[in-house]
Amino acid sequence: MTITYGGDPIDRFQRRSKSERRKGTGKKCQCGEDRPLALLPGSTPTLCASCDRLSKGRSPVDDHHPAGKTNHPTTVPIWANDHRAVLSDAQYDWPNETWKNPSGTPTLAVAAWFRGYLETSEYLAGDFLLRGVRFLERLEPFLRKRLGANWWRGTELEEFAPKRKQEREVPHAK
Amino acid sequence: MPNNPTPLALAVRVFPVHEPSNKSEHKNKKWRLPNAMFVFDTETRTDAAQRLTFGSYRFLVNGKLKQEALFYANDLPGKDRKTLEYYVADQRKRAQKSGEIPLLLLTKREFLKQFYKAVYKGRALLVGFNLPFDLSRIAFASRSARGRFAGGFSLAPWSYVKNGVERPDNHRPGVGIKHIDSKRALKGFTSRYRPDDTDLIPEDSVTGQPEKGYKFRGHMLDLRTLAFALTDRGYSLESACKAFGVEHGKRHVTKHGVVTFSYVDYNRRDVQATSELAVALLAEYAKHPINLQPTKAYSPASIGKAYLRAMGIVPILQRKPEFPLRYVGFAQTAFFGGRTSAHIRKVPVPVVSVDFLSMYPTVNGLMDLWKFVIAKEIRVVTGCQCKIEKFLRSLTPQALFNPLTWRKLRAFVKIVPDGDLLPSRAKYSSASNDFQVALNHIYAKDGPAADGVWYSLPDVAASVLLTGKVPKIVDAFKLVPAGKLANLKPVRFCGQVYVDPRTQDLFRTVIEQRKSKTNYSGMTKEGVVRLDKSLKVFASATSYGIYAEMNREESEKRVKIQCQGIGPEPYECSVLHPEVPGEFCFPPLASLITGAARLMLALLEHSVAKLSGTYAMEDTDSMAIVATETGGFVACKGGNLRTTQGKEAVRALTWKQVRQIVSMFETLNPYDRNIIPGSVLKIEDDNFDPKTGKQRQLHCLAISAKRYSLFLKSKNGSQVLLTEGKNNAKDRWSRHGLGHLLNPTDPEAPDRNWTRSVWEQIVRNPLGLP
C-alpha cells in the first residue's frame with residue numbers, strides 16, 4: 001500500500017531504493033513481512049519491527065502522529081510495520097516546512113492536520129474497507145460452491161439481495 | 001628466388017599471457033532492471049564549443065511518467081530564460097485542464113540535484129541517445145581519466161562555489177567515459193569522497209551491508225549502443241525510432257540553437273521518443289534468454305557471448321587453464337583478417353559480383369569447429385609434419401571441392417617460405433610507415449631454420465593451390481577435440497528458435513534457421529525481419545570475432561607483460577597499451593576460421609584463373625569477377641593480353657562460365673539441403689534488374705582494398721551508381737575510410753549521401769567523362 005499526496009517522486013524513489021538495498025535481496029521476516037521499510041536493517045535473522053517488539057515483550061503497535069509531532073499531539077495506534085512502511089513514509093513526501101513547521105505557523109499546522117487526516121483515513125480505508133471488499137469477493141464463490149447458486153434464498157440474508165424487475169412476457173411477433 | 005626480393009621485416013601478432021580472469025563468475029550474477037528510468041536530452045549552441053543552452057528530462061517509474069522538467073544553463077541569456085518560463089507557465093495551464101504532469105523549470109544546479117538523487121542515490125536507469133555527448137554537456141569540468149577509464153575523460157558534473165570560484169565537488173562522483181568507437185563507450189560513475197553507507201551496498205547484496213571499496217558505477221544505458229548491439233547497425237534517434245516502431249518518433253525543427261517554443265517542443269519530443277525507444281529496445285532485449293545487463297551489451301558479440309554462457313559453454317582457456325600456451329602463441333602469429341584486395345586498380349571493368357553465403361559460419365561448418373567449442377578438452381597432436389606434407393602433396397582443387405578435405409585442415413605448420421604465396425604483415429609503404437597485410441611471395445632469409453614462420457594449414461593449402469608448390473615444413477601440430485562439456489543446455493534464441501548445443505552445430509543451425517520459414521509462422525512482418533536480423537547478427541558474432549577478441553588497456557606508464565609468439569618459450573616485453581585477451585579468445589580457432597575463408601577465396605580465384613579469367617576486387621567473402629554476357633577481351637591498362645587493336649587487355653569470362661563456377665561450390669554447402677539448397681557461392685542480387693529480374697551488366701572500379709564502387713553504364717556511356725531505392729536494394733559504393741569526415745559542402749548535415757558525389761567523380765575520371 002502506498003499513500004502519496006504530492007511530494008517529489010524522485011525523493012520517494014530514492015528513499016525506497018535505499019531501503020530496498022539495505023534490506024538485502026530476497027530477505028523477509030519469518031512472519032512473511034518483506035517490505036523494506038518494515039524490516040530492521042542488519043537484523044539476523046531478518047526481523048520486522050512488529051516481530052522485534054513482540055520478541056522483546058513490547059507492544060507491536062506504535063503511536064502515530066497523523067499531523068506530525070510538532071503540529072498536533074494527537075496519536076493513533078498503528079501496527080508498527082505499517083507505521084514505518086506506510087504512514088511515516090508518506091510523511092516524508094510532505095513539504096519539509098509543513099512537517100517540521102519550525103516557525104510554528106498555524107496555517108502550516110492546519111495543512112498538516114488535513115494531510116494527516118487524509119493519509120490516516122486512506123490508510124484505514126485501505127486496511128479495513130478494501131480488506132472487507134476482498135473478503136466478500138472471495139466468500140461468494142466459496143458459498144456458491146458449498147451451498148449452490150442461490151445459496152441466499154430462504155435465508156435471513158435474502159433481504160440484502162438486489163431486487164430485480166419481474167420478467168415480462170414478450171408478445172408473439174406477427 | 002628472384003634476383004632482387006625486397007627485404008622486409010615481417011610482424012606477427014603475439015598472445016599476451018594473463019591469469020585467467022573470473023569475469024564469467026561476475027557475469028553469472030543476476031541483475032535486475034531498475035524500475036525507474038531517468039531520460040534526458042540536452043540542446044546546445046550551434047558553434048564549435050556546443051555549450052549547453054537547455055535540456056529536459058523525464059522520470060518514469062514502472063513505465064509511468066512521474067516527473068518532467070526543463071533545465072537551463074547558468075549562462076542562458078535572460079531573453080531565452082523568459083521564453084522557457086513562458087513555455088512552462090503555458091504548459092502548466094494546459095496540464096491543469098488535461099490532467100497531464102505539470103512541467104517544472106529548473107536551473108542546471110537543481111537539475112543536477114535531481115539527477116544525483118535519481119541516478120546515483122536511487123540507482124535508476126539513466127537513459128539517453130548518444131549519452132556521452134549529453135553527459136559532457138552537463139559537466140562543469142573535465143580531465144583525462146585514470147584507472148578504469150584511462151584514455152578517456154573524467155567529467156565533473158557537480159560543483160560548488162567558494163570565495164566566488166566554482167570548483168568540482170569531490171563529495172559527488174565524477175562520470176568516466178572512454179570511447180570504444182563511434183557507437184560505443186564505457187561509462188560509469190567514478191568514486192567520491194566519503195560515500196554514504198547505502199552507496200557502498202553492492203547491487204546484488206544479500207546481506208544489505210556496505211562493502212568497503214565498493215563503487216557504484218551507475219546503470220547508464222546508451223540506446224545508440226543497445227540498438228547497435230541488437231542489430232549490428234548504426235542508428236540515429238530518428239532511424240532507431242522507425243526501426244523499432246516507436247509511436248512518438250523524432251520530430252524536426254527548422255532552426256537549432258535558438259530557444260523558441262517549437263525548439264522546446266522538439267527537445268521534449270526527443271526525450272519522449274528516447275523513453276519510448278528505451279521501452280521498445282528493452283522489450284526486444286528481454287526476448288534474449290541471457291544474463292547480461294543491457295547497459296553492458298556493447299555489441300552483437302556481447303550478446304553472442306552471453307548466449308554461449310547461457311548454453312553452459314565455458315571459454316576454452318578457462319575450461320583447461322593448463323592448455324599449453326605455446327600453441328596458442330603459434331596460432332596467434334598465424335592470425336590474419338579477411339582477404340581483401342583491389343586486383344585491377346583504377347580501371348573500370350565489366351564484372352559479375354559474387355559472394356559466399358555466411359562465409360564464417362560456412363567454413364566453421366565445413367571444418368566442424370563447433371566440436372571444439374563444446375569439447376571437454378582440446379588436445380594438441382605434435383610431430384605430424386610428415387603427414388601434413390603428404391596431405392599437401394596430394395592436394396588438388398578437386399580435393400578442396402570435397403567437404404571432407406576441410407576437416408583435415410585443422411592444423412598449423414611452421415614453414416621456411418621460399419616463394420610461397422602467403423599473407424604477411426609488413427611496412428610495405430615507407431610513406432605511410434604502418435603495418436599492412438598483403439598476400440605476397442615470401443622468401444626466408446638464407447640461413448638457419450629460425451626463419452620459419454607459423455601459418456594455418458588453410459593458408460598453406462591456398463599457397464599450394466595457387467603456386468603448385470609445397471613449402472618446406474619444419475614443424476606442425478594439429479588440434480583434436482575430445483569429449484563434451486558436462487553442463488551444456490539448450491536455449492531458445494530470441495524466445496523463438498530452439499538450439500541444443502549438445503546435438504546441433506550452432507553455426508550451421510543458426511544459418512539454417514534463418515532460411516527456414518517454419519520459425520516465422522504466426523509472426524508479424526516486423527517480427528520476422530527482426531528475428532532474421534538477430535539470427536544473422538548472432539551467427540556472425542559467434543562464428544569468428546569472439547575467438548580473436550583482444551582488448552587494449554590504457555596505462556600511464558609502460559608495463560611488462562609475458563607473450564607467446566613464434567618461439568616455444570614466452571618472452572617479456574614492455575608496452576604502453578597492453579592487450580588483454582577477450583573472454584572467449586582462442587587464437588587457434590580464429591586463425592583457422594579466417595584462414596579457411598581466405599582459402600575459399602583462393603579456390604574461387606583458382607577457378608576463375610583456370611578459365612583464363614581474372615577479377616577486379618575481392619573482399620573477405622565476395623569477388624567481382626571480370627565477365628560480360630558473351631565474354632572476350634576487355635581493354636585494361638596493365639593487362640597481360642592484347643586486343644586486336646593492340647591495347648592491353650584482360651579476358652572477361654561469360655556470364656555462363658561464372659554460373660558454372662558458382663555451381664562448382666555446391667559440393668561445399670554444409671547446410672541442410674532441404675532448407676538451403678544449391679551453392680554456397682551466390683551471384684549477388686546487384687547483378688539483376690530489380691524490376692525485370694534479368695541479369696544486367698555491372699561495372700566495377702576499385703581504387704584500393706575495400707574501396708570500390710559497382711555501377712551501371714547508361715546508353716551514353718556515363719556511370720550510374722547502384723543506389724538504394726533507385727536501381728538497387730542497397731548502395732554499392734564503399735564508405736570505407738570516410739567515416740571520420742564531415743560533409744564537405746554542409747558540415748552540419750548528418751547524412752552520408754555526399755560520399756555518393758565523391759564516388760561519382762572518382763568513377764567519371766577513368767571513364768574519360770568530364
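Residues numbered from 1 in each chain as written. Chains lettered and ligands numbered in written order. Predicted model: local features only at pLDDT ≥ 70, side-chain atom pairs only at ≥ 80, totals over all residues.

Attention shifts here to the overall build of chain B. Within chain B, the secondary structure is distributed over 21 helices and 36 strands. C-alpha extents for chain B along the principal axes are approximately 85 × 65 × 55 Å. Relative to its full complement of 770 residues, chain B shows a buried share of 42%. (Helix = DSSP H or I, 4+ residues; strand = E, 2+ residues; numbered from the N terminus. Buried ≥ 20, exposed ≤ 12 C-beta atoms within 10 Å, placed from the backbone.)

Take the domain arrangement of chain B next. How big an interface is tends to be stated in terms of accessible area lost as the parts join. Parsing chain B into structural domains produces domain 1 (35-200 + 208-286) and domain 2 (600-764). Between domain 1 of chain B and domain 2 of chain B, the C-alpha centre-to-centre distance is 45 Å. (Domains from an automatic or database assignment.)

Attention now goes to unusual backbone geometry. A cis amide bond links T44 of chain A to the next residue, P45 of chain A, at an omega of -10°. Along the chain, P45 of chain A turns up in the loop between α1 (9-23) and α2 (49-55). Even without a glycine there, the phi angle at K346 of chain B is positive, about 60°. One non-glycine residue, S612 of chain B, lies in the positive phi region at around 65°. Mapped onto the fold, S612 of chain B is located in the loop between α19 (587-610) and β28 (615-619).

Residues and elements named next belong to chain B. Tracing the backbone through its elements, the reader meets E284 in helix α7 (residues 261-286). Residue class for E284 comes out partly exposed when judged on the 18 C-beta atoms lying within 10 Å of it. Linking E284 and R393, residues 109 residues apart in sequence, is a C-alpha distance of 52 Å. Discounting chain neighbours no more than four positions away, the residues touching E284 are L230, F244 and R530. (Contact = placed C-beta atoms within 7 Å.)

The next subject is the interface of chain B and chain A. At the interface, 20 residues of chain B touch 15 residues of chain A. Contributions of two or more residues to the side of chain B that touches chain A are made by β3 (52-61), β4 (64-72) and α3 (108-121) of chain B.

With that settled, consider the nonpolar core. Side chains of nonpolar character tend, in soluble globular proteins, to be buried together. F38, F412, A596, I625, V626 and C700 of chain B are the most contacted members of the largest nonpolar core, which totals 204 residues. Domain assignment of the residues forming this core places at least three in each of domain 1 (35-200 + 208-286) and domain 2 (600-764) of chain B. When neighbours within four sequence positions are excluded, I625 of chain B is seen to be in contact with V351, V352, V354, V608, G613, Y615, L653 and V658 of chain B. Counting residues in hydrophobic clusters, the runner-up holds 14 residues, among them C48, A49, A80 and Y123 of chain A. (Core = buried A, V, L, I, M, F, W, Y, C linked by C-beta atoms within 7 Å.)

By way of backbone hydrogen bonds, the strands of a sheet pair with one another, either parallel or antiparallel. All names here are of chain B. Strand order in the open sheet formed by four strands is β7-β8-β11-β12, with antiparallel pairing between adjacent strands. In this open sheet, the two edge strands, each paired with only one partner strand, are β7 (141-144) and β12 (185-189). Within this sheet the neighbouring strands show an average axis-to-axis angle of 20°, counted without direction. Judged from the three bridges that link them, strand β8 (residues 153-156) and strand β11 (residues 175-179) form a sheet pairing that is antiparallel. Bridge pairing in β11 links L155 to V175. (Pairing = 2+ DSSP bridges. Axes fitted to C-alpha atoms, helices over the stretch in contact; angles between N-to-C directions.)

Glancing now at the environment of A652 of chain B. All names here are of chain B. If you trace the backbone, A652 turns up in strand β32 (residues 648-654). Distance in space between the C-alpha atoms of A652 and Q332 is 39 Å, their sequence separation being 320 residues. Once residues within four sequence positions are removed from consideration, A652 is found in contact with P350, V626, A627, T628, G631, G632 and V634.

Residues and elements named next belong to chain B. Read from one edge to the other, the open sheet built from six strands follows the order β5-β4-β3-β2-β6-β13, with strand pairing classed as mixed. Two strands in the sheet have a free side with no partner beyond their single neighbour: β5 (103-107) and β13 (219-222). Mean inter-strand twist for the sheet, computed between neighbouring axes without regard to direction, equals 25°. Two strands pair when backbone bridges link them, and strand β6 (residues 125-128) and β13 are joined in this way by four bridges, in the parallel orientation. When the sheet's bridge partners are listed, G128 is paired in β13 with D222. Packed on one face of the sheet, helix α5 (residues 223-231) meets β6 and β13 and runs near 65° to β13. Across the sheet, α7 lies against β2 (36-44), β3, β4, β6 and β13, angled at about 145° from β2, the strand it touches most.

The next subject is helix α16 (residues 457-467) of chain B. Residue and element names in this part refer to chain B. Within α16, nine of the eleven residues are buried, leaving the element largely enclosed by the surrounding structure. Those residues of α16 lying buried are L457, P458, D459, V460, A461, A462, S463, V464 and L465. Looking one or two residues past α16, G468 carries a phi angle of roughly 75°, positive in sign.

Residues and elements named next belong to chain B. The N-to-C vectors of helix α11 (residues 359-367) and helix α17 (residues 506-515) enclose an angle of 130°; their axes lie 8 Å apart at closest approach. Classified by the interaxial angle, the pair formed by α11 and α17 is oblique. Crossing handedness for the pair α11 and α17: left-handed. Facing α11, whose interface residues are P361, N364 and G365, α17 presents F507, R508, V510 and I511. (Parallel < 35°, antiparallel > 145°, perpendicular 65-115°, else oblique. Left-handed = near helix turned anticlockwise from the far one by under 90°.)

The next point concerns the environment of A280 of chain B. Residues and elements named next belong to chain B. Its place among the elements puts A280 in helix α7. When the C-alpha positions of A280 and G545 are compared, they lie 28 Å apart, and in sequence the two are 265 residues distant. Setting aside chain neighbours within four positions, we find A280 in contact with F244, G245 and V246.

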